[in-house]
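# Summary of the model geometry
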Amino acid sequence: WNRPDETREQFTSDGFLRTGDIAVMDDEGFLYIVDRIKDLIICSGYNVYPRNIEEAISKHPAVEEVTVIGIKDSYRGEAPKAFIKLRAGRSATADDILNHLEPLLSKIEMPSEIEFRPELPKSLIGKLSKKELKQEEAERLQKAWYGRMRKKAFIRGLVLFAIGSALCAIAQNPEMLIASRVIQAIGGAILSPASLALVLPEFPVERRSAAIGIWGAVGGLSAAMGPVIGGWLIDLFNWRAVFFVKL
């Protein structure tokens, strides 16, 4: 309602409504709705219909409710994931479900993950809802990506900090000492939990601004104090980063 662009997309040029359903026609001209186009899973280039998987899982005697969504898969692009609510007093494992599905589904349709839940999300009219589950999976993937990025940043920062520290120990002149301190400062900046806010969008804007301010102040003081005293200040701040970084 009140969204003219989306309304326009829902109609064909000759005025027919696009319902979003996927249907097939048999040899006798009968149409069968097989799924919703927004729920379609593209798995290794093949169309996988969650409804087919849901119907197969529902035939297991321990299953009360089931819904299937597509999740990201590094090999297949997308893969099915099943969320299952078991009947009261009944039990089943993921292996039980997979063994049950082997004669009913093709290999490409087999769920890559199965998660059991006490309740499944429903819409206001009591229909099983996939929206909340898709959102949960998207948030989970985002957190996993942030975790990988933070670990990579920690390793790179530690390497730079170690190189800078080693060069400081063998520095033969002030120019080399200053260059070593710069490398050390860069490594420490990457290691610092505050500086990670500069590259990870999960941090609020005000924390990113605070990180910029902190490192601007450290750099300015270091430059004013000279390479030796300024270097000690950098050491103090960097070693704090090394020991208190949170992965």
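Relevant structure appears above.
For the rest of this paragraph, the subject is the pattern of salt bridges. Summed over the entire model, instances satisfying the criterion amount to 13 salt bridges. Residues Glu 64 and Lys 85 are paired through a salt bridge, measuring 3.6 Å at the closest nitrogen-oxygen approach. Highlighted residues: Glu 64 in strand 5 (residues 63-73) and Lys 85 in strand 6 (residues 77-86), separated in sequence by 21 residues. According to the relative accessible area criterion, Glu 64 is partly exposed, its value standing at 39%. Among the ionic pairs, Lys 122 bridges to Glu 65, the shortest N-O distance being 3.0 Å. With a gap of 57 residues between them, Lys 122 in the loop between strand 7 (113-116) and helix 4 (131-170) and Glu 65 in strand 5 connect regions that are remote in the sequence. With a relative accessible area of 33%, Lys 122 lands in the partly exposed category.

Pairing analysis gives 5 bridges linking strand 1 (residues 21-25) to strand 2 (residues 31-36), with the strands arranged antiparallel. Across the sheet, Asp 21 pairs through a bridge with Arg 36, a residue of strand 2.

Right, let's talk about the nonpolar core for a bit. Among soluble globular proteins, nonpolar side chains are generally buried collectively. In terms of nonpolar packing, the biggest core is built from 18 residues, with Ile 57, Val 68, Ile 84, Ile 97 and Leu 101 touching the most fellow members. Elements with a contribution of two residues or more to this core: strand 3 (41-43), helix 2 (50-58), strand 5, strand 6 and helix 3 (94-101). Within the second largest apolar cluster, 5 residues are counted, among which are Ile 69, Ile 71, Phe 83 and Leu 133.

Here we take up the environment of Gly 45. Tracing the backbone shows Gly 45 in the loop between strand 3 and strand 4 (46-48). Along the chain, Gly 45 and Glu 78 lie 33 residues apart, while their C-alpha atoms are 9.2 Å from each other.

Below, the discussion takes up the pairing of strand 5. Pairing of strand 5 with strand 6, which is carried by 10 bridges, proceeds in the antiparallel orientation. Counterpart to Val 68 in the pairing with strand 6 is Ala 82. The antiparallel pairing of strand 5 with strand 6 creates a hairpin that spans 3 residues between the two strands.

Cut-offs and rules
Residues numbered from 1 in each chain as written. Predicted model: local features only at pLDDT ≥ 70, side-chain atom pairs only at ≥ 80, totals over all residues. Heavy atoms only, no water. Salt bridge = Lys/Arg side-chain N within 4 Å of Asp/Glu carboxyl O. Helix = DSSP H or I, 4+ residues; strand = E, 2+ residues; numbered from the N terminus. Buried < 20%, exposed > 50% of the residue type's maximum accessible area, 1.4 Å probe, protein only. Pairing = 2+ DSSP bridges. Core = buried A, V, L, I, M, F, W, Y, C linked by side-chain atoms within 4.5 Å.

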